[in-house]
Amino acid sequence: MFSNIGVPGLILILVLALIIFGPKKLPEIGRAFGQTLREFKKSTRELTSDVMDELDDDKKKNATK
């Protein structure tokens, strides 16, 4: 998704964010973004784990028949 941005694009985005939000709000926004990303990864991991557990249960049921 972000592979096409490149270094110059990333620097431009950071400079624009600094201009728009200012130096005091930028760390707060980064922290909030990090927490959101962490929660998303955790939810994705849990969902994947649940699906894999169900698949394993189905395989065990089919093996005993």
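Above this text you will find the structure in question.
From a predicted model like this one, the values you see are computed outputs, not experimental measurements.

> Lay out the overall build of the protein with the relevant residues and their values.
Counting its regular elements, the protein contains 1 helix and 0 strands. Over its C-alpha trace the protein gives a radius of gyration of 21 Å, far above what one expects of a compact globule, namely 11 Å for 65 residues. Split into buried and exposed, the 65 residues of the protein put 3% on the buried side. A total accessible area of about 6,200 Å² is found for the protein, and carbon and sulfur atoms account for 66% of it. With 11 positive and 9 negative side-chain charges, the protein shows a separation of 8 Å between the mean positions of the two kinds.

> Outline the pattern of salt bridges, listing residues and values.
Inspection of the entire model under this criterion finds 1 salt bridge. The partner of Lys25 in a salt bridge is Glu28, and the shortest N-O contact between them spans 3.8 Å. Here Lys25 and its partner Glu28 are both found in helix α1 (residues 6-64), 3 residues apart, which amounts to about one turn of the helix.

> Quick rundown of a nonpolar patch on the surface? Include the residues and the values.
There is a patch of nonpolar side chains on the surface, built from Val7, Ile11, Leu12, Val15, Leu16, Ile19, Ile20, Phe21 and Ile29 and spanning about 890 Å² of accessible area. As for its placement among the helices and strands, Phe21 is situated in helix α1.

> How would you explain the environment of Thr48 if you had to name every residue and give the values?
Looking at the secondary structure, you find Thr48 in helix α1. The exposure class of Thr48 is partly exposed, given its relative accessible area of 44%. Distance from Thr48 to Leu26, taken between C-alpha atoms, is 33 Å for residues 22 residues apart in sequence.

> I'd like a description of the environment of Gly22, backed by residues and values.
Mapped onto the elements of the fold, Gly22 is located in helix α1. For the pair Gly22 and Pro8, spaced 14 residues apart in sequence, the C-alpha separation works out to 20 Å.

About the criteria used
Residues numbered from 1 in each chain as written. Predicted model: local features only at pLDDT ≥ 70, side-chain atom pairs only at ≥ 80, totals over all residues. Heavy atoms only, no water. Helix = DSSP H or I, 4+ residues; strand = E, 2+ residues; numbered from the N terminus. Rg over C-alpha atoms; globule rule 2.2 N^0.38 Å. Buried < 20%, exposed > 50% of the residue type's maximum accessible area, 1.4 Å probe, protein only. Areas by Shrake-Rupley, 256 points an atom, 1.4 Å probe, with all protein chains shown as cover. Lys, Arg positive; Asp, Glu negative; His and termini not counted. Charge placed at Lys NZ, Arg CZ, Asp CG, Glu CD. Salt bridge = Lys/Arg side-chain N within 4 Å of Asp/Glu carboxyl O. Patch = residues over 30% accessible without salt bridge, like charges linked within 9 Å, V, L, I, M, F, W, Y side chains within 5 Å.

Function cannot be inferred from these measures alone, as they are strictly geometric.
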